Amino acid sequence: WRKRHELLATMGLAGLLLFTSAATMYYLESSDNEQFSSMLVSMWWATTALTTIGYGDIVPQTPLGRFCGCIVGFLGVTLFALPAGIVSAGFQDMVQGQEGSSSSPDSRPNISTTSFSFYADTPAVTVAPPSKIRKESERSGDEIDALRAEMSARLNSLQTELTELRSGQSQ
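When helices and strands are tallied, the protein shows four helices and two strands. The N-to-C order of helical and strand elements in the protein reads α-α-α-β-β-α. Excluding contacts between residues fewer than 6 apart, the proportion of contacts in the protein whose partners are at least 24 apart in sequence is 50%. Carbon and sulfur atoms make up 62% of the accessible area of the protein, which totals about 12,600 Å².

Where helix α1 (residues 4–29) contacts helix α2 (residues 39–50), the two axes come as close as 8 Å, and the packing angle between them is 120 degrees. One way to sum up the angle between α1 and α2 is to call them oblique. Read as a crossing pair, α1 and α2 show a hand that is right-handed. Residues Leu17, Leu18, Phe19, Ser21, Ala22, Ala23, Met25 and Tyr26 of α1 form the contact with α2, whose participating residues are Met39, Ser42, Met43, Trp45, Ala46, Thr47 and Leu50.

Moving on, we get to the state of the cysteines. Inspection of the entire model under this criterion finds zero disulfides. Residue Cys68 stays outside any disulfide, its sulfur separated by 9.2 Å from that of Cys70, the closest cysteine. A residue is classified by how much of its surface remains accessible, and Cys70, at 45% relative accessible area, is partly exposed.

Under the defined criterion, the tally for this structure stands at two aromatic pairs. Between Phe36 and Trp45, the ring centres sit 6.0 Å apart and the planes meet at 65 degrees, which makes this aromatic pair edge-to-face. The burial state of Phe36 is the same as that of Trp45; both residues are buried. Ring plane angle 5 degrees and centroid distance 5.7 Å describe the contact between Trp44 and Tyr55, whose orientation is recorded as stacked. Of this pair, Trp44 sits in helix α2 while Tyr55 sits in the loop between α2 and α3 (63–96); the two residues are 11 residues apart in sequence, bridging distant segments of the chain.

A cluster of nonpolar side chains, namely Leu64, Phe67, Ile71 and Leu75, defines an oily patch on the protein surface of about 380 Å² accessible area. Structurally, the position occupied by Leu75 is in helix α3. Leu75 gets classed as partly exposed once you look at its relative accessible area, which sits at 36%.

Using the criterion set out here, one finds two salt bridges in the structure. For the salt bridge of Lys3 with Asp93, the shortest nitrogen-to-oxygen distance reads 3.4 Å. With Lys3 in the segment before α1 and Asp93 in helix α3, the pair connects residues that are 90 residues apart, well separated along the chain.

The rules we used
- Residues numbered from 1 in each chain as written.
- Predicted model: local features only at pLDDT ≥ 70, side-chain atom pairs only at ≥ 80, totals over all residues.
- Heavy atoms only, no water.
- Helix = DSSP H or I, 4+ residues; strand = E, 2+ residues; numbered from the N terminus.
- Contact = heavy atoms within 4.5 Å.
- Areas by Shrake-Rupley, 256 points an atom, 1.4 Å probe, with all protein chains shown as cover.
- Axes fitted to C-alpha atoms, helices over the stretch in contact; angles between N-to-C directions.
- Parallel < 35°, antiparallel > 145°, perpendicular 65-115°, else oblique.
- Left-handed = near helix turned anticlockwise from the far one by under 90°.
- Disulfide = S-S within 2.5 Å.
- Buried < 20%, exposed > 50% of the residue type's maximum accessible area, 1.4 Å probe, protein only.
- Phe/Tyr/Trp six-rings, centres within 6.5 Å; stacked < 30°, edge-to-face > 60°.
- Patch = residues over 30% accessible without salt bridge, like charges linked within 9 Å, V, L, I, M, F, W, Y side chains within 5 Å.
- Salt bridge = Lys/Arg side-chain N within 4 Å of Asp/Glu carboxyl O.

Written out as structure tokens, the structure is:
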């Protein structure tokens, strides 16, 4: 809901593009092509071209009209990509808790770690988000050695588990 202004702007852009492409095609094709007999028919063509449906009941015949049709088709693909990007950006903002100054830290989603497991019977692996990971320059030598040992042990454990799974599948 927070991205409604961007979505409305995209809808306005879609309407403008629809009318502009219909008027342009009517201007280019109406004198040589009987299929483009009115502005409403041109709007039907523009709608099918922008949505990339392209029924084929009305087609441009002049070279300039065909070139314009290609441009309208590419713009249609771009036009449908805009709302998808806006919605996904809004979803990402919600997940990351970046919903503006009106949201308090308590109302933000608590995402401190991500857990995943490849198989139901294996333990989940927990990964800290990048904001929680300290840089190596901020760690002492002992901390780095301990982390290396822990990572080596985890890697060996996962390699053993993978070997067991592979041997179980080959039997």
